[in-house]
Amino acid sequence: MKLLADIGGTNARFALESDAGVIDVEVLACADYPTLDEAMRAYLGQAAGRGLAVERVRHAALAIANPVEEDRVSMTNHHWSFSIEELRRRQGLETLLVVNDFAALAMSLPHLAAEGRERIGGGIELQNRPIGLIGPGTGLGVSGVIPAGERWIALAGEGGHVSFAPSTKEEVAILEALWAEYGHVSAERLLSGMGLELIHRVSSGRRLDAAGITRAAIDGSCADCVKTVGIFCAVLGSVAGNVALTLGATGGMYIGGGIVPRLGKLFTESAFRARFEDKGRLGPYLARIPTYLITEQYPALRGVSAMLSDHIATLQ
């Protein structure tokens, strides 16, 4: 029995893995727990109450929305901060692997079933070539996987914090407004839940939270909200194209995160794909790269499970 988790800035998705596969997935709100240690104990306690043998858990892997470079991890988009080794001891684990969440999500991409993804636009994926990943949620995750013989190697980076580059006069106006407020304006500043709110405030002069913006855009009750989501999707297309060019992602470019899957036709019929391909002389190159929306519910758990298995194998 292994413990798996995919931890974002808003929610933590926990699961157990047995010989039967990934089981007992539960989503906990990060804000409900002062520490990650307490969230893990809460999940395991509830799992024990459901009759699962959590006392047999000796290995765990956590995918977390943050760089993981040393023993100390302090989340960028949440207040949890912890020592990996101290957390391992407190939980009584033999192994605790902590990895970047988008590296874990990227590791799942070569194994996604056809029903776990939705094609957006044209293109044909090439086998055994780099695969790119981008996903707006509480923040903006960027990653990819590179083939290495029989294995895949996930990239752990912070590409969401690259500088935002506008492509229209309207986006220039948004950038200038955010420059005055923040100084450096990253891609994440626009492509996140907070980004939706900032785009809406600058373009309409009104304040509304991200959930309200998406809800009003989806039901068509607010033209300004529809416009906000349109700008968001267009910017996402441009940034996704940048990632695809950087990685040479001819194996496909994938969109994850918590925001886009909720948008439905607002996304699939948006300017996303046109902006993805709009790279001047490299337009034909990008037109050949397929883009996919990840529809599988918990793909990062699949990825972090593979990374834990590889890690345990290196210890034997």
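Cut-offs applied
- Starting afresh in each chain, residues are numbered from 1 along the sequence in its written order.
- Under the rules for a predicted model, residues below a pLDDT of 70 receive no local features and side-chain atom pairs below 80 are neither given nor counted, while totals for whole chains, interfaces and linings still include all residues.
- Only heavy atoms go into the side-chain values, all of them from the structure, while hydrogens and water stay out.
- UniProt positions are given in the numbering used here, feature names are shortened, and annotations may be inferred rather than shown by experiment.
- Secondary structure elements are defined from DSSP: runs of H or I of at least 4 residues count as helices, runs of E of at least 2 residues count as strands, and each element is numbered from the N terminus.
- C-alpha atoms define the radius of gyration in this analysis, and the globule rule sets the expected value at 2.2 Å times the number of residues to the power 0.38.
- When accessible area is computed with a 1.4 Å probe and restricted to protein chains, residues below 20% of their type maximum are described as buried, those above 50% as exposed, and intermediate ones as partly exposed.
- Here, a strand pair is defined by DSSP locating no fewer than two bridges between the strands.
- For helices, the axis comes from a line fit to the C-alpha atoms of the stretch in contact; other axes are also lines fit to C-alpha atoms, and the angle between any two N-to-C directions lies between 0 and 180 degrees.
- By definition, residues are in contact when any of their heavy atoms lie within 4.5 Å.
- In this description, a nonpolar core means a group of buried Ala, Val, Leu, Ile, Met, Phe, Trp, Tyr and Cys residues linked to one another through side-chain atoms lying within 4.5 Å.

As recorded in an unreviewed UniProt entry, the chain goes by the name Glucokinase, listed as coming from Massilia varians. Under the heading Catalytic activity (unreviewed entry), UniProt records this for the chain: "D-glucose + ATP = D-glucose 6-phosphate + ADP + H(+)".

## Points about the overall build of the chain
A tally of regular secondary structure across the chain gives 12 helices and 13 strands. For the chain, the C-alpha radius of gyration of 20 Å lies close to 20 Å, the compact-globule estimate for 316 residues. A principal-axis box enclosing the C-alpha atoms of the chain has dimensions of 60 × 45 × 35 Å. Out of the 316 residues belonging to the chain, those deemed buried represent 50%.

## Here we look at the sheet that holds strand β7 (residues 95-100)
An order of β3-β2-β1-β4-β7 is seen for the 5 strands of this open sheet, with the pairing classed as mixed. Each end of this open sheet is capped by a strand with a single partner; those strands are β3 (21-29) and β7. Ignoring strand direction, the axes of neighbouring strands in this sheet form an average angle of 15°. Sheet analysis places strand β1 (residues 2-7) next to strand β2 (residues 11-18), joined by 6 bridges and oriented antiparallel. Bridged to D6 within β2 is R13. Packing against the sheet, helix α12 (residues 299-315) makes contact with β1, β2, β3, β4 (59-64) and β7, and its axis sits at approximately 130° to β1.

## Some remarks on the sheet that holds strand β9 (residues 131-136)
Taken together, 6 strands build an open sheet; the order of strands is β8-β13-β12-β9-β10-β11 and the sheet is mixed. Strands with a single pairing partner mark the edges of an open sheet, and in this sheet they are β8 (117-120) and β11 (151-156). Along the sheet, successive strands turn relative to each other by an average axial angle of 25°, direction set aside. The pairing of β9 with strand β10 (residues 140-148) spans 6 bridges and is antiparallel. Within β10, the position partnered with I131 by the bridge is V145.

## Section: the nonpolar core
Among the nonpolar cores identified, the biggest contains 43 residues, and I134, L190, F232, L236, M253, I255 and F267 are the most heavily contacted of them. Counting only elements with at least two residues in this core, the list comes to β10, α4 (169-182), α5 (187-190), α6 (193-204), α7 (210-219), α8 (223-247), β12 (253-255) and α10 (272-277). When residues in this core are grouped by element, the largest group, 11 residues, is from α8. Sequence-distant contacts of L236, defined by excluding residues within four places in its chain, comprise I134, P136, L191, I255, V260, F267 and F272. If you look at the next biggest cluster of nonpolar residues, it comprises 31 residues, including L16, L28, A42 and M75.

## Brief notes about the UniProt feature "binding site: ATP" (unreviewed entry) in the chain
The UniProt feature table records "binding site: ATP" (unreviewed entry) at A5, D6, I7, G8, G9 and T10. Of note, D6 is situated in strand β1. On the accessibility criterion, D6 (12% relative accessible area) is buried. Excluding residues that lie within four positions of it along the chain, D6 makes contacts with N11, A12, R13, A63, D101, A300 and L301. Mapped onto the fold, I7 is located in strand β1. Sequence-distant contacts of I7, that is, excluding residues within four places in its chain, are made with A12, C30, L36, L62, A63, I64, A65, M75, W80 and D101.

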